[in-house]
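The chain contents come next:
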Amino acid sequence: MITVITLATILIFVILFSKRKPTTEVQPTDIVTQYDWKVFDIAIVNLINEYRLASGCNAVNINSLLLDLSFSHSEYMANVNRLSHDNFENREAFMHPILIGEVVAYGHKTPESVVAGWKRSEKHNTCILDKDFTKIGVSHSFGKDGRRFVTAIFS
């Protein structure tokens, strides 16, 4: 007899590993269905969680809304080809009344170098280790010069 736990495990497996077919036209509301999570981004989440746990904080869980916001901002930075927190107030207002934090990076080739850079920055490090945060969305996009823009948003 199949147990509820077995059914839940199968459902989670199907959701996580099913491939979504991209449509030809992307609408703003389609970002989650269009976006296949990249190994690079997952590695960043894992490194952040290792660091948070070693520092006495809780681990953060991936959140699809924060993933949408981080994807959108990484795409924006890639399109304007510069690192920025432009329009943060819009992301913050969208999540209101939930408090959010944001860290961005540019030009890093590995997840380890992204997280190491954030740890070396006092403001970024404070954001990463905020004990009130329980959720995260991480995404990256490539600029015209082929360099990577990364956004992590916490809530």
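The coordinates are above.
Residues numbered from 1 in each chain as written. Predicted model: local features only at pLDDT ≥ 70, side-chain atom pairs only at ≥ 80, totals over all residues. Heavy atoms only, no water.

Draft legend 1. Examining the overall build of the chain more closely. Assigned secondary structure in the chain consists of seven helices and four strands. Burial status across the chain gives 37% buried among its 155 residues. Counting only contacts in the chain whose residues sit at least 6 apart along the sequence, the fraction spanning at least 24 positions is 67%. Of the roughly 9500 Å² of accessible surface on the chain, 60% is carried by carbon and sulfur atoms. (Helix = DSSP H or I, 4+ residues; strand = E, 2+ residues; numbered from the N terminus. Buried < 20%, exposed > 50% of the residue type's maximum accessible area, 1.4 Å probe, protein only. Contact = heavy atoms within 4.5 Å. Areas by Shrake-Rupley, 256 points an atom, 1.4 Å probe, with all protein chains shown as cover.)

Draft legend 2. Focus on the pairing of strand β3 (residues 135-142). Taken across its eight residues, β3 has six buried, putting it largely inside the fold. Relative to β3, strand β1 (residues 61-62) is paired through two bridges, and the arrangement is parallel. Within the sheet, the bridge partner assigned to N61 lies in β3 and is K135. As paired elements, β3 and strand β4 (residues 148-154) share seven bridges and run antiparallel to each other. By the bridge assignment, V138 is partnered in β4 with A152. Where β3 folds back on β4, the antiparallel hairpin that results is connected by five residues, among which G146 adopts a positive phi of roughly 85°. (Pairing = 2+ DSSP bridges.)

Draft legend 3. Quick look at helix α6 (residues 111-120). For α6, the set of buried residues is P111, V114, V115, G117 and W118. For α6, the buried positions fall inside an angular range of 155° around the axis, keeping them on one side. Contacts made by the buried residues of α6 are with α3 (39-54), β2 (101-106), α7 (122-128) and β4. (Arc of directions from axis to C-beta.)

Draft legend 4. View of the packing of helix α4 (residues 64-80) against helix α5 (residues 88-95). Interhelical geometry of α4 versus α5 gives an angle of 165° and a closest axis separation of 12 Å. Between α4 and α5, the angle is such that the two are roughly antiparallel. For the crossing formed where α4 meets α5, the hand is right-handed. Here α4 contributes L65, L66, L69 and H73 to the contact with α5, which in turn contributes R91, F94 and M95. Broken down by class, the residue content of the contact of α4 with α5 amounts to five nonpolar, one polar and one charged. (Axes fitted to C-alpha atoms, helices over the stretch in contact; angles between N-to-C directions. Parallel < 35°, antiparallel > 145°, perpendicular 65-115°, else oblique. Left-handed = near helix turned anticlockwise from the far one by under 90°. Nonpolar A, V, L, I, M, F, W, Y, C, P; charged D, E, K, R; others polar.)

Draft legend 5. Focus on the packing of aromatic side chains. Evaluation of the coordinates by the stated rule reveals two aromatic pairs. With a centroid separation of 5.7 Å and an interplanar angle of 20°, the aromatic rings of F133 and F154 are classed as stacked. With F133 in the loop between α7 and β3 and F154 in strand β4, this pair connects stretches of sequence that are 21 residues apart. Each member of the pair, F133 together with F154, is buried. One Lys or Arg, K119, reaches over the ring of Y51 and ends 4.3 Å from the middle of that ring. A cation sits over an aromatic face here: R148 above F40, 3.6 Å from the ring centre. (Phe/Tyr/Trp six-rings, centres within 6.5 Å; stacked < 30°, edge-to-face > 60°. Lys NZ or Arg CZ within 6 Å of the ring centre and 35° of its normal.)

Draft legend 6. Spatial organisation of unusual backbone geometry. With phi around 60°, N81 is a residue other than glycine that occupies positive phi space. Mapping N81 onto the fold places it in the loop between α4 and α5. Residue class for N81 comes out partly exposed when judged on its relative accessible area of 31%.

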